[in-house]
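What follows is the residue order along each chain.
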Amino acid sequence: MYAQMVESGTSDDSAEAEAFQRRIDAGEKIEPKDWMPEGYRKTLIRQIGQHAHSEIVGQLPEGNWITRAPTLERKAILLAKVQDEAGHGLYLYCAAETLGVSRDELTEMLLDGRMKYSSIFNYPTLTWADMGAVGWLVDGAAIMNQVPLQRTSYGPYSRAMIRICKEESFHQRQGFDIMMKMANGTEAQKKMAQDALDRFWYPSLMMFGPSDKDSVHSAQSMAWKIKMNTNDELRQKFVDQTVPQAEYLGLAVPDPDLRWNETKGGYDFSEPDWSEFFEVIKGNGPCNRERLAARNKAWDEGKWVRDAMLAHARKKRAAKMVAE
Ligand code: BYC
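Remember, it's a predicted structure, so these values are computed and weren't measured experimentally. (Residues numbered from 1 in each chain as written. Predicted model: local features only at pLDDT ≥ 70, side-chain atom pairs only at ≥ 80, totals over all residues. Heavy atoms only, no water.)

Q: Can you help me understand the overall build of the chain in this one?
A: A tally of regular secondary structure across the chain gives 13 helices and two strands. In terms of overall dimensions, the chain is globule-like: its C-alpha atoms have a radius of gyration of 21 Å, near the 20 Å expected for 324 residues. Taking the intrachain contacts of the chain between residues at least 6 apart in sequence as the baseline, contacts between residues at least 24 apart amount to 78%. As displayed, the chain has an accessible area near 16,200 Å², and 56% of this comes from carbon and sulfur atoms. With 42 positive and 47 negative side-chain charges, the chain shows a separation of 6 Å between the mean positions of the two kinds. (Helix = DSSP H or I, 4+ residues; strand = E, 2+ residues; numbered from the N terminus. Rg over C-alpha atoms; globule rule 2.2 N^0.38 Å. Contact = heavy atoms within 4.5 Å. Areas by Shrake-Rupley, 256 points an atom, 1.4 Å probe, with all protein chains shown as cover. Lys, Arg positive; Asp, Glu negative; His and termini not counted. Charge placed at Lys NZ, Arg CZ, Asp CG, Glu CD.)

Q: Which parts of the structure should I look at to understand the packing of helix H4 (residues 72-97) against helix H7 (residues 155-183)?
A: Two quantities define a packed helix pair, namely the angle between the helix axes and the distance between the axes. Packing of H4 against H7 leaves a shortest axis separation of 10 Å and a crossing angle of 160°. Taken together, the axes of H4 and H7 lie roughly antiparallel to each other. In terms of crossing hand, the pair formed by H4 and H7 is left-handed. Considering only residue class, the contact of H4 with H7 consists of ten nonpolar, three polar and nine charged. (Axes fitted to C-alpha atoms, helices over the stretch in contact; angles between N-to-C directions. Parallel < 35°, antiparallel > 145°, perpendicular 65-115°, else oblique. Left-handed = near helix turned anticlockwise from the far one by under 90°. Nonpolar A, V, L, I, M, F, W, Y, C, P; charged D, E, K, R; others polar.)

Q: Sorry, what's going on with the layout of surface pockets here?
A: Regions of empty space are outlined by a rolling probe, equal in size to a water molecule, passed over the atoms. Its volume calculated, the largest pocket comes out at about 380 Å³. Elements with a contribution of two residues or more to the lining of the largest pocket: helix H3 (59-63), H4, helix H5 (103-111) and helix H12 (288-301). Counting residues per element, the lining of the largest pocket draws most heavily on H5, which supplies five residues. Its boundaries defined by the atoms lining it, the second largest pocket holds a volume of some 230 Å³. What lines the second largest pocket is a set of 14 residues, and nearest its centre among them are Gly-113, Met-115, Lys-116, Ile-281 and Gly-283. Looking at the lining of the second largest pocket element by element, the count peaks at four residues for helix H11 (residues 274-284). In terms of residue class, the lining of the second largest pocket is built from five nonpolar, five polar and four charged. (1 Å grid on protein atoms, 1.4 Å probe; cavity = no way out; pocket = protein on both sides within 12 Å on 5 of 7 lines; lining within 4 Å. Points joined across faces, edges and corners; volume = space filled by probe spheres on them.)

Rendered as structure tokens:
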């Protein structure tokens, strides 16, 4: 089984659950102290936690290129972007904490494999053009997924998403800017840009999750407005937005069956290899072990910092109590 099958509590037909659903249907925001079904709380912890972990693990493939960025300006921009991802992780962990789970608990669930992070970060970043492709495609897919989440029903999550989306738009543009430089550069640079698109296209399509027929959580999450669109709806929007951008760059989307469908007003395109997707989310992608090993190492080696900060906080609190 590839999904955690968190109990979503759909059978809850108590008066409280009915009143709760009426609030959701009326577009009200749910706040931390409000009554909520246990399944709603658990689903949010799963989704927000997974999102937070994606931001943190997502720093690794890009961090790989900070020391090798081609100019000082590119290095400063990439450094700032990677730092933004850490910030996004922190807003999201804070949003998850309002649901009664601690950041340490969430981290431990990531580190021992009980929680997931986005499949995309299990692919390697082999050349500088990959920094362009990640910004353009990965942040582009993230924006497509996250803009509707600004209207999600849980207040702290929706407010975190507003801030994150502003920064993601900048990230997407810096990626496209790298792609523009490469695609209009030397033959070797153009080849590198095409190769990055070839490798990141299908993994980017996978970011939206399995096709609707295999999505186990969509129906309940959409009824609760934890999710605003289905996986396939967002994937289609992403393809429709991205194909003209690839054409503008003079690059070819690696899909021989890609074509405009006048009737539906969108592109027909090939599905990603779903068996690859399920292998990646089960932990068998090209970089899963490397990514988790890096996060475990950082957690273990940072223990003394966490201990020191806690000791300092305790000392300050004790001094304050004596003074009072
Ligand atoms: N990777 O029933 P489904 C970012 C799992 S961008 C891994 O459709 P759901 C960033 C799913 O969790 C990425 N796992 O699930 C960008 C479930 O398993 P569990 C983060 C995936 O939750 C740039 C199972 O498959 N964005 O952070 O309704 C730079 C069944 O799927 C994936 C978000 O997390 C995947 N791609 O829909 C830096 C956005 N797809 O949990 C950082 C918020 C599916 O039962 N999240 N699975 O074990 C969402 O919108 C939804 O969680 C998803 C999945 C669309 C991802």
